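The chain contents come next:
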Amino acid sequence: MAHDATLTPATGIRGLWRAWDQFWFRPGDPTTLGFIRLVGGLMILYVHLVYSYDLQTLFGADAWLNVEFAKDIVKEAPISTPPPTWEKTTDQDLSKLSADQRKRVDTWDTLPAYEVGKGRTFFSLWYYLTDPVQMRIAHGIILLCMFFMAIGFCTRVTTVLSWIGMIFYINRSSVSVFGVDTMMNILAIYLMIGPSGAAYSVDRLIERWLAARRGKPIGPADLPAPSVSANLAIRLLQVHVCIVYTMSGLSKLQGSSWWNGMAAWGTMSNYEFSPLANHLYIRFLEALCAHRWVWEIVMMGGSWMTLLLECTYAFGIWNRKSRWLYLIALAIFHLNIAFFMGLVGFSIVMMVMNLCWIPGTTIRAFFASLRSQAPPSAQATSTLPSGRGKLAVSGTALLR
Amino acid sequence: MGDTAFVPGGVLRLCKSPWPSLAIGAGCGLISWAILSWTGTFVVLLPFLAMTALGVGVAIRPSSSLVLLAAAAGACLAWLGMPEEWDTLRLVIAVLAVLAFVSAGLVALPVIWRRAVVSLLILFHLAGIGCAVTRIDPAPWLTQYLWAHCFRYYLDFVYLNNAYHFYAPEPGPGCLLWFYVKYDDGSMQLVDIPNRATVPTLLNFQRRLSIPEAVNTFVALPGIPPNITYARLLAGERDGIWPYDGKKPNPLEYRAPIVTGRRMLESYAQHVAKTTPHPTDPNRKVVSVKIYRVVHRLIMPKELLAGVRSEKVWMCMPYYQGEFDPDGKLMDPNDPYLYWLIPIVNAKNPDLSSNAGVNADDHAAANQDADIRNGLETHLRVPTAKPQPVAVPEGGPPGARP
């Protein structure tokens, strides 16, 4: 697999550096990244298209979080931290504070002794643009950038513009963001770093067309040029996804309901999330509740499997033998989240992120099978068009 | 990155030289600066075009230090072309300019040194994420300190502050907000969020699920202050709205939001007041908005089997958040019901109204709608700002500062 974690044995500092270098800087197949861009980009586009309905409600001057308060948070929100010494500061005498300090304490509920700074490095166009017509125009331009990113047109530029646009919405309306925004942001950052337009993109189509015009056609067996930044982006995404699942699992260990199984019931019976308004779903739950043994096994199983999957993900996913098991388990896990909690968008984005574990060869073979063709040959070499000549790296090296 | 770092693809191949694009970018920045300096007018599109064109130039030839330096210079012009009030967007341009400048040095380095620098950046990035995920209480002193003094600038900028505590430590019940909008003709209209029937897609609905959560953090109190309890009991006796646990209310019946939560409520009230016209007479004005934060408790297996359903109003636990004027100002901070649970009880089966358990029998389902003691309906008729015999202690409402 192109992004397999097989490393040469480390011997001393040189060995460590070599292992590090191989892990992060080995040229990688950009196919996986391109596929993630395509699917993830469409999801990002959809999420922001849905914002069209809520443009004024969430981002206008008198939105749920009005623009004055939003800007106040950016400029004035205190940054507090425990003091750097062992001195106790909790007994600060409020009567000795100045009027401004007292007002600040009343507004932000932070004692001056704890405050080490103020303001956040958030940014958003919607802090300034509040005219509805101008907002619609700007929103349309951002959607266009996201569309271009999704189809892979001028990808190097549109991925950056799309990420910046995405942050505009997140920062302006912090009261309405949830998991899907957090995950889309992670995805978009790494799509910016790597050549996500090198495969499954309009850019790639144009590249083929240009190569054909110059008399050096790119055939279906030719792979996108391997790239260090492609490998770097995929590796960063892999490590980040491991962190996400691990922290999600470890944090759940603090809750008793995850140990006694009630957590699964807590998600299945939450009226706002689950399909509890549907009579068929109620019949299903009633059938489950009618047999306590079954109920307890299902709830405990659901809760404990969630813990097991999330807490062991970072260890099991790197191993080629267990990887497919984890990916299948995750697909089932996220399908359950989509059904029982209605978090369809979040589940899709999580599954897109997990595509980072699928090698480019597998993705190409999948699409080749759809076209009923043989997959690109394992001996195919990667060719850089426009006369740069062939790379020394053979396709075989990319298939591990 | 060296050898096979990047292959510009697609339409960018049509442009062999990055310089026209860089020139357009710098030109747009310069024009924006000139217009701003001479006329005070800011043309929003110009810096956007400038940065896009500069980005295209860099994308055509990213391995050239000269190109990157030129892009950095162009970005500086775009920065100058933005007014100071647009400070956060100036920050974005400044960051991109610095990034271009640093990259110019990076691409000039030998491969091994370049990779060493990038390795340091990777470590910084991962350390920042590590700091973000360990910052939630109980958090170590070290991560709090490092976040506040070092990583927050980066993490805030790229929105990587999340700790990924999904449904942890416990998945809680659903939280709603009910806004009762009062008009000058005495009529009232309910705006409840989230409400699936009022939005086109599930995603719009889920966004509204997050809005009540923003006011769902409370001041930690060891118990309800005695004067607060006394005022509540007096009001309950006067109006017939007793606390759920009678004369010895449960501490969970009083949940005061933290200061930022209260400010959020003011913003919410203002929004609802401005976006909820009278249903039949557009000339009617909004005089106030009463807000209730509603916990929609989870149904228990025994209740479900008994035929009880989640849609019942007594499954909801409304906490009064105050009455606000159309500008979002809290009308009476001394209201005795402020931040208290206003009980809605199924009097035939009072156990059904609590989480303590259910007296599940054949009558439970049949009596779901019978004899509902709806404290909320009574409370809606209670006028605000009545003189209170019990003084609230100095320093504002209790829990202003822990």
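Residues numbered from 1 in each chain as written. Chains lettered and ligands numbered in written order. Predicted model: local features only at pLDDT ≥ 70, side-chain atom pairs only at ≥ 80, totals over all residues.

Caption draft 1: Main features of the overall build of chain A. Helix and strand content of chain A: 17 helices and four strands. Within chain A, buried positions represent 44% of all 400 residues. (Helix = DSSP H or I, 4+ residues; strand = E, 2+ residues; numbered from the N terminus. Buried ≥ 20, exposed ≤ 12 C-beta atoms within 10 Å, placed from the backbone.)

Caption draft 2: Structural detail: the sheet that holds strand β3 (residues 286–296) of chain B. All names here are of chain B. Spatially, four strands are ordered β2-β1-β3-β4 in an open sheet, and the strand pairing comes out antiparallel. The open sheet has two edge strands, β2 (188–193) and β4 (316–324), and neither has a second partner. Recorded for the sheet is a direction-independent mean angle of 20 degrees between the axes of neighbouring strands. Relative to β4, β3 runs antiparallel, the two being bridged by eight bridges. The partner of R293 across the bridge, within β4, is Y319. Strand contacts of helix α7 (residues 202–213): β1 (174–183), β2 and β3, with the helix running at about 85 degrees to β1, the strand carrying the most contacts. Against the sheet, helix α9 (residues 259–275) touches β1, β2, β3 and β4, its axis set at about 125 degrees to β3. (Pairing = 2+ DSSP bridges. Axes fitted to C-alpha atoms, helices over the stretch in contact; angles between N-to-C directions. Contact = placed C-beta atoms within 7 Å.)

Caption draft 3: A look at helix α7 (residues 155–172) of chain A. Taking 1.5 Å of rise per residue, 18 residues should cover 26 Å, and α7(A) covers 26 Å from first to last C-alpha, within 8% of that figure. The buried fraction of α7(A) is high, at 17 of 18 residues. (Expected span 1.5 Å × (residues − 1).)

Caption draft 4: Local environment of unusual backbone geometry. Residue and element names in this part refer to chain B. P138 follows D137 through a cis peptide bond whose omega is -5 degrees. Inspection of the secondary structure assignment puts P138 in the loop between α5 (111–133) and α6 (141–158). Here the amide bond leading from I193 into P194 is cis, since omega sits at -5 degrees, within 30 degrees of zero. Phi is positive for Y159, which is not a glycine, with a value near 55 degrees.

Caption draft 5: View of the nonpolar core. Formed by 185 residues in total, the largest nonpolar core has its most connected members in L187(A), V349(A), A71(B), A75(B) and I93(B). The greatest single-element share of this core, amounting to 11 residues, is contributed by helix α10 (residues 228–252) of chain A. (Core = buried A, V, L, I, M, F, W, Y, C linked by C-beta atoms within 7 Å.)

Caption draft 6: Region of interest: the pairing of β1(B). Residues and elements named next belong to chain B. With 10 bridges joining them, β1 and β3 adopt antiparallel strand pairing. Bridge pairing in β3 places L177 opposite R293. In the sheet, β1 pairs with β2 via six bridges, with the strands oriented antiparallel. Residue pairing for β2: Y180 is matched across the bridge by L190.

Caption draft 7: Here's a closer look at the confidence of the model for chain A. Here chain A averages 88 in pLDDT, and 88% of its residues register 70 or above. Segment residues 378–400 of chain A is flagged for pLDDT under 50; beyond a separation of four residues in sequence, or across chains, it makes 43 contacts in the model. (pLDDT = per-residue confidence, 0-100.)

Caption draft 8: Representation of the packing of helix α2 (residues 45–60) of chain B against helix α3 (residues 65–80) of chain B. Residues and elements named next belong to chain B. Contact geometry of α2 with α3 gives a least axis separation of 10 Å together with a crossing angle of 175 degrees. By the angle between their axes, α2 is roughly antiparallel relative to α3. Facing P47, A50, M51, L54, G57 and V58 of α2, the residues of α3 in contact are V67, L68, A71, G74, A75 and A78. Each residue belonging to the contact of α2 with α3 can be placed in one class, and the counts come to 10 nonpolar, two polar and no charged. (Parallel < 35°, antiparallel > 145°, perpendicular 65-115°, else oblique. Nonpolar A, V, L, I, M, F, W, Y, C, P; charged D, E, K, R; others polar.)

Caption draft 9: The interface of chain B and chain A, seen in detail. Across the boundary between the two partners, chain B contributes 81 residues, which contact 96 residues of chain A. Listed by contribution, the elements that provide at least two residues to the side of chain B that touches chain A are α2, α4 (87–108), α5, α6, α7, α9 and α10 (301–305) of chain B. Class assignment for the residues of the side of chain B that touches chain A results in 49 nonpolar, 22 polar and 10 charged.

Caption draft 10: How the structure looks around the domain arrangement of chain A. All names here are of chain A. The domain boundaries assigned to chain A delineate domain 1 (29–76 + 104–215 + 222–226) and domain 2 (252–357). Measuring from the centre of the C-alpha atoms in domain 1 to the corresponding centre in domain 2 gives 29 Å. Across the boundary between the two partners, domain 1 contributes 12 residues, which contact nine residues of domain 2. Elements with a minimum of two residues in the side of domain 1 that touches domain 2: α2 (31–50) and α8 (179–193). If one sorts the elements of the side of domain 1 that touches domain 2 by residue count, α2 sits on top with seven residues. Looking at side-chain class alone, the side of domain 1 that touches domain 2 contains nine nonpolar, three polar and no charged residues. (Domains from an automatic or database assignment.)

Caption draft 11: The domain arrangement of chain B, seen in detail. Here chain B is described as being made up of domain 1 (10–108), domain 2 (112–158) and domain 3 (174–380). Here domain 2 of chain B and domain 3 of chain B have C-alpha centroids that lie 41 Å from each other.

Caption draft 12: Region of the structure containing the confidence of the model for chain B. Residues and elements named next belong to chain B. Per-residue confidence for chain B gives a mean pLDDT of 87; residues scoring 70 or more make up 87%. Predicted confidence is poor over residues 1–8, with pLDDT under 50, and the contacts of this stretch with residues over four places away or in other chains come to 30 contacts. Per the prediction output, this complex has pTM 0.90; the corresponding ipTM is 0.91.

Caption draft 13: Quick look at the environment of V295(B). All names here are of chain B. Residue position: V295 is located in strand β3. Among the residues examined, V295 registers 20 C-beta atoms within 10 Å and is labelled buried. Taking C-alpha positions, V295 is 44 Å from I93, a pair spaced 202 residues apart along the chain. Those residues in contact with V295 that sit more than four places away from it in its chain are P173, C175 and M317.

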